[in-house]
Amino acid sequence: MTSTEVKPARSLGRRLAIAAPIAAFAALAVIFVIRLEQGGDPSLIPSALIGRAAPATVLPPLEGLDRPGIDTADLAGKVTLVNIWASWCVPCREEHPILEKLATDGRINLVGINYKDKPANARGFLGQMGNPYAAVGVDEKGRSSIDWGVYGVPETFLVGRDGKIRFKFVGPLSDESLSSVLMPEIEKALAAS
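What you see is a predicted model; the values in this text were computed from it and never measured.

Thresholds, definitions, all that
- In this convention, every chain numbers its residues from 1, walking through the sequence in written order.
- Only residues with pLDDT of at least 70 are given local features in this predicted model, and only at 80 or more are side-chain atom pairs given and counted; all residues enter the totals for whole chains, interfaces and linings.
- Excluding hydrogens and water, the side-chain values take into account all heavy atoms of the structure.
- Strand pairing is assigned whenever DSSP identifies at least 2 bridges connecting the two strands.
- Working definition: helices are DSSP H or I runs of at least four residues, strands are E runs of at least two. Numbering for both runs from the N terminus.
- Here an axis means a line fitted to C-alpha atoms, over the contact stretch when the element is a helix, while the angle between two N-to-C directions is reported on a 0 to 180 degree scale.
- Any two residues having at least one pair of non-hydrogen atoms within 4.5 Å are treated as being in contact.
- Expected helix span is computed as 1.5 Å times (number of residues minus one).
- The reported bend at a residue is simply the angle between two axes, fitted to the 7 residues ending at it and to the 7 residues beginning with it.
- For the exposure calls, accessible area comes from a 1.4 Å probe over protein chains only, and a residue counts as buried if that area is under 20% of its type's maximum, exposed if over 50%, partly exposed in between.
- Crossover handedness is defined here as right-handed if the route from the first strand over the helix to the second strand goes clockwise, with the strands pointing away from the viewer.
- The pairing test for Phe, Tyr and Trp rings, Trp by its six-membered ring, is centres within 6.5 Å, and the orientation test on the planes gives stacked under 30 degrees, edge-to-face over 60, and tilted for anything in between.

Student: What exactly am I supposed to notice about the sheet that holds strand β6 (residues 155-159) here?
Tutor: To summarise the sheet geometry, strands pair through backbone hydrogen bonds and adopt either a parallel or an antiparallel arrangement. Across the sheet, five strands lie side by side as β5-β4-β3-β6-β7; this open sheet has mixed pairing. With partners counted over all chains shown, the strands left at the sheet margins are β5 (135-139) and β7 (165-170), one partner each. Averaged over all pairs of adjacent strands, the angle between strand axes in this sheet comes to 20°, irrespective of strand direction. Bridge count between strand β3 (residues 79-85) and β6: five bridges; the pairing is antiparallel. Bridge pairing in β6 links Val-82 to Phe-157. Helix α2 (residues 90-103) rests against β3, β4 (108-115) and β6 of the sheet, and its axis sits at about 160° to β3.

Student: Explain α2 here, please?
Tutor: Given 3.6 residues per helical turn, the α-helix brings residues three or four places apart onto the same face. In this model α2 runs 20 Å from its N-terminal to its C-terminal C-alpha over 14 residues, within 8% of the 20 Å that 1.5 Å per residue would give. At His-96, α2 shows its maximal bend, which comes to roughly 40°, and the proline Pro-97 appears one to four places after that position. Along α2, the positions that sit buried rather than exposed are Cys-92, Glu-95, His-96, Ile-98, Leu-99 and Leu-102. Buried residues in α2 make contact with β3, β4, α3 (119-129), β6 and α5 (175-191).

Student: Even after reading the chapter, I still don't get the pairing of β5, so can you show me in this structure?
Tutor: Along a regular strand, successive side chains alternate from one face of the sheet to the other. Within β5, five of the five residues are buried, leaving the element largely enclosed by the surrounding structure. Of the two faces of β5, the one lined by Ala-135, Gly-137 and Asp-139 and the one lined by Val-136 and Val-138 are each fully buried. For the handedness criterion, the β-α-β arrangement of β4, α3 and β5 is classed as right-handed.

Student: Can you help me understand the packing of aromatic side chains in this one?
Tutor: For any pair of aromatic rings, the description consists of the separation of the ring centres together with the inter-plane angle of the planes. Following the criterion strictly, the structure yields four aromatic pairs and no others. On the basis of an interplanar angle of 25° and a centroid distance of 5.2 Å, the ring pair of Trp-85 and Phe-125 is categorised as stacked. Remark: Phe-125 occurs in helix α3 and Trp-85 occurs in strand β3; sequence separation between them is 40 residues. Assessed through its relative accessible area of 1%, Trp-85 is described here as buried. Looking at Phe-125, the relative accessible area reads 2%, which means it is buried. Three or more aromatic residues link up through ring pairs in this structure, and these residues are Trp-85, Phe-125 and Tyr-133.

Student: How should I be thinking about the side chain of Ser-87 in this particular structure?
Tutor: Along the chain, Ser-87 falls in the loop between β3 and α2. Among the residues examined, Ser-87 registers a relative accessible area of 12% and is labelled buried. Not counting residues within four places of it along the chain, the set of residues in contact with Ser-87 comprises Arg-93, Asn-114, Asp-117, Asn-121, Ala-122 and Phe-125.

Structure, rendered in structure tokens:
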């Protein structure tokens, strides 16, 4: 083999070494753009728990609050929203007015799981913002929230009268998500026997 025959082979190898990562990046970029254009709501993260019984959860009450803790056995026969929140969570402050609205709907039971929070801070949050919850359970280490499949706070679960999780909403509730997403799911749960 002469030196001229070896040179084109090296040149081709270099071109492939440069072109392959560029082609891979371009393919990933196309997939990313297509996925973005498909839309979808990132707050509607699927949960493996949908259709299954809510995890057995017994949490102590928030000290100094005139509300009981949470025992999922007490949720039977009620359509319940379980909201996971914390005083240090900025989006929890954003959604709090929505929870206050939901608390006035006598057809549903609203309970809160206080996630990895200091009791004084949680009481201060509810004292300042208002307490929409019929019950507040303290999940100091976050273990019960893991059983619920929580990614972060806030998250809200809709539990039917049968004790099964019917819907999960990730992120802060807004007026728009309440009317277009959550209320239709609540109405379905209320209509179910």
